[in-house]
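An overview of the molecular structure
Residues per chain are reported as follows:
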Amino acid sequence: MAPQPDTEAVSARKVAVVGGGLAGLTLALRLRRGGHDVTLLEAAPQLGGLASAWRLGPVVWDRHYHVTLLSDSFTRGILRDLDLESEMNWVETKTGFYDGRRLVSLSNALDYLRLPALRLLEKLRLAATILYASRIQNWQSLETIPVETWLTRLSGAGTFRKLWQPLLRAKLGDGYHETSAAFIWATIQRLYAARRTGLKKEMFGYVPGGYARILERFGERLRAEGVHLALGARVKSIRALADATGESRLEVSHEGGGVEVFDRVVLTTTPRVAAAVCEGLTPDERTRLEGVAYQGILCASLLLKRPLADYYLSYLTDPELPFTAVVEMSAFVDRAQFGGHSLVYLPKYTTPDDPLFGESDETVRAQFEAALCRIYPHFDPADVLAFRVSRVREVFPLPVIGYSQRLPAMTTSIPGLHVVSSAHIVNGTLNVNDTVALAERAARSLLASDLREAQS
Ligand SMILES: Cc1cc2nc3c(=O)[nH]c(=O)nc-3n(C[C@H](O)[C@H](O)[C@H](O)COP(=O)(O)OP(=O)(O)OC[C@H]3O[C@@H](n4cnc5c(N)ncnc54)[C@H](O)[C@@H]3O)c2cc1C
């Protein structure tokens, strides 16, 4: 039976959660169970945001590739709540490495020792860097050091040029020059956390049916517990209402539903959207929200007749390639989920103003297929059954020097108005686990402040 709201603990308030991604969904669930009357306003016609699913030819699967790590306790907690965790498949995956000439395996220690791109001393320094980073606890001190300086000092100039620099560029573009060492620390911590769970192997998990199934169940659960879900409801403005009784209220205007008044609003959009829709913020709040620079993505999904290789993820260090990694989902997820076909993602992380966002699918397809022919000599463009491109200009914030000091607060100066965005994940990389953890923390803090108010 679905848990009933704990209405005795707090007096029910009318709350709007803006954004139906994993952060908004988690917040809506927890605030509802905390006793509030919750409405979730999502701009898109479906739930899920970056984790949403779409149709690719005959297949419905995630718009962007997603895996869950064994150590993702918050993601697994939500899946347990949705009665889906027990259905997860856990699979050992392999990793590839393409240096511009050949694609080799980089799946275990032996592969690593054989890696042609680095000399033995460089490999030893690289291994020592990763081990050292995995043991660091105080990430705050790393926020003051440029990632380039830190990695060159630890791994040497050769390893930085041949390995770290192309990998940083692949995710951050030229933004890596402004990025702090905390970024690489967070990345290494996440990968190490998976191994700390006991198994030394790289095990990734998925729910059969992918995020389409998770999101469908999430929506059903929210509705069953009394959350009002408004899809196609892009919020245009939020403003405080002067109330003669002294009670603060927030007026929310959104597409498709006109105007509604709430006691509290929690935005889970990017900070730039929050700055654009919230009226009456202080100049400092506005500057901080608008000052968070995001990195975007253009991500192609391909449904293929045949597999490319058996690596889930292949790192690419060749700057001439138009995409920055190859993610072969069907090397990890059972191909029966894709009608026996192979599902491949080709992501290109880039800045929001990259002209590539304006290119047609046909242009992107021609460039991407030509590059696949270079990496995989057996690849035949005639094997592509379906091709679709996802474009998102703001995916994750660039973890620049001193990032945590520049952040906007989650509670704004406008009574009842909160911003809980991916920008507030300060000591992690963007992933569902950290997103859910952030939302759980924010929900706890909001419910605790309700309790204090109720008791005072
Ligand atoms: C390419 C890629 C690969 C990834 N791989 C993994 C992975 O393997 N494992 C993993 O754990 N995580 C992965 N992630 C990260 C994961 O998708 C995110 O952590 C998570 O989806 C973020 O959720 P969110 O709610 O914070 O943001 P979002 O999903 O961006 O949700 C924000 C929502 O707000 C809505 N919105 C915006 N403006 C308005 C408005 N004005 N009014 C109403 N609604 C609005 C948007 O439509 C959106 O639905 C990946 C992400 C990407 C892009």
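These numbers were taken from a predicted model, which means no experiment stands behind them.

This paragraph deals with the domain arrangement of the chain. Domain assignment breaks the chain into domain 1 (14-52 + 211-292 + 401-455) and domain 2 (110-196). Its C-alpha centre places domain 1 at a distance of 34 Å from the equivalent point of domain 2. At the junction of the two partners, domain 1 supplies 10 residues and domain 2 supplies 12 residues. In terms of surface lost to domain 2, no three residues of domain 1 exceed Ile-401, Asn-427 and Thr-429, which account for 61% of the buried area on that side. For the pair domain 1 and domain 2, the interface holds 0 salt bridges. For the pair domain 1 and domain 2, the interface holds 4 residue pairs in polar contact (both at pLDDT 80 or more).

What follows concerns the sheet that holds strand 2 (residues 37-42). Pairing is parallel across the open sheet formed by 5 strands, whose spatial order is 10-2-1-14-20. Of all strands in the sheet, those with a lone pairing partner are strand 10 (228-231) and strand 20 (417-419), marking the two edges. Shown here is a sheet whose adjacent strand axes are inclined to one another by a mean of 15°, direction ignored. Sheet topology note: the strand 14 (residues 264-267)/strand 20 ladder contains 3 bridges and is parallel. Along strand 20, the bridge assignment pairs Val-265 with Leu-417.

What follows concerns the site of the ligand. Close to the ligand lie 31 residues; Glu-42, Leu-50, Tyr-65, His-66 and Val-432 are nearest. Between the ligand and Leu-22 there is a distance of 3.2 Å, counted from an oxygen atom to a backbone nitrogen or oxygen. Contact between the ligand and Gly-49: an oxygen atom at 3.5 Å from a main-chain N or O atom of the residue. Out of a free accessible area of 1000 Å², the ligand has 89% covered by protein chains. Broken down by secondary-structure element, the contributors of at least two residues to the shell around the ligand are helix 1 (22-33), strand 2 and helix 14 (432-455).

This paragraph deals with the nonpolar core. Side chains of nonpolar character tend, in soluble globular proteins, to be buried together. Core analysis: the largest hydrophobic core is formed by 57 residues, its most contacted members being Trp-61, Trp-150, Leu-168, Ile-184 and Met-329. The greatest single-element share of this core, amounting to 6 residues, is contributed by helix 8 (residues 182-196). When residues are assigned to domains, this core turns out to be shared by domain 1 (14-52 + 211-292 + 401-455) and domain 2 (110-196), each giving three or more. Setting aside anything within four residues of it in sequence, one finds Trp-150 in contact with Tyr-132, Ala-133, Ile-136, Leu-142, Ile-145, Ala-181 and Ile-184. Grouped together as the second largest cluster of nonpolar side chains are 35 residues, Tyr-211, Phe-218, Val-420 and Ile-425 included.

A word on the pairing of strand 16 (residues 313-316). By the alternation rule, side chains of strand 16 split into Ser-314 and Leu-316, which are all buried, and Leu-313 and Tyr-315, of which none is buried. With 3 bridges connecting them, strand 16 and strand 17 (residues 325-328) associate as antiparallel partners. Within the sheet, the bridge partner assigned to Ser-314 lies in strand 17 and is Val-326.

We now examine the sheet that holds strand 11 (residues 235-241). Ordered by their spatial adjacency, 3 strands build an open sheet running 11-12-13, and the pairing between neighbours is antiparallel. The open sheet is flanked by strand 11 and strand 13 (258-262), the only strands paired with a single partner. If you compare each strand with its neighbour and ignore which way they point, the axes differ by 20° on average. With 5 bridges connecting them, strand 12 (residues 249-254) and strand 13 associate as antiparallel partners. Residue pairing for strand 13: His-254 is matched across the bridge by Gly-258.

This part covers the packing of helix 1 against helix 9 (residues 210-224). Running from N to C, helix 1 and helix 9 cross one another at 30°; their axes reach a closest spacing of 10 Å. Taken together, the axes of helix 1 and helix 9 are roughly parallel relative to one another. Crossing hand, helix 1 versus helix 9: left-handed. Residue-level contacts link Leu-22, Leu-25, Thr-26, Ala-28 and Leu-29 of helix 1 to Tyr-211, Leu-215, Phe-218 and Leu-222 of helix 9. Residues belonging to the contact of helix 1 with helix 9 are distributed by class as follows: 8 nonpolar, 1 polar and no charged.

For the structure shown, the criterion picks out 24 salt bridges. Across the pair Arg-221 and Asp-83 runs a salt bridge whose closest N-O atoms are separated by 3.1 Å. Of this pair, Arg-221 sits in helix 9 while Asp-83 sits in the loop between helix 2 (73-81) and strand 6 (89-92), and the two are 138 residues apart along the sequence. Among the ionic pairs, Arg-114 bridges to Asp-111, the shortest N-O distance being 3.8 Å. Separated by 3 residues within a single helix, Arg-114 and Asp-111 lie in helix 3 (residues 109-114), roughly one turn from each other. We classify Arg-114 as exposed; its relative accessible area is 57%.

The rules behind each value
Residues numbered from 1 in each chain as written. Predicted model: local features only at pLDDT ≥ 70, side-chain atom pairs only at ≥ 80, totals over all residues. Heavy atoms only, no water. Domains from an automatic or database assignment. Contact = heavy atoms within 4.5 Å. Buried area = accessible area lost by both parts, 1.4 Å probe. Salt bridge = Lys/Arg side-chain N within 4 Å of Asp/Glu carboxyl O. Polar contact = N/O pair within 3.5 Å; in protein donor to acceptor, adjacent residues only side chain to side chain. Pairing = 2+ DSSP bridges. Helix = DSSP H or I, 4+ residues; strand = E, 2+ residues; numbered from the N terminus. Axes fitted to C-alpha atoms, helices over the stretch in contact; angles between N-to-C directions. Near = heavy atom within 4 Å. Areas by Shrake-Rupley, 256 points an atom, 1.4 Å probe, with all protein chains shown as cover. Core = buried A, V, L, I, M, F, W, Y, C linked by side-chain atoms within 4.5 Å. Buried < 20%, exposed > 50% of the residue type's maximum accessible area, 1.4 Å probe, protein only. Parallel < 35°, antiparallel > 145°, perpendicular 65-115°, else oblique. Left-handed = near helix turned anticlockwise from the far one by under 90°. Nonpolar A, V, L, I, M, F, W, Y, C, P; charged D, E, K, R; others polar.

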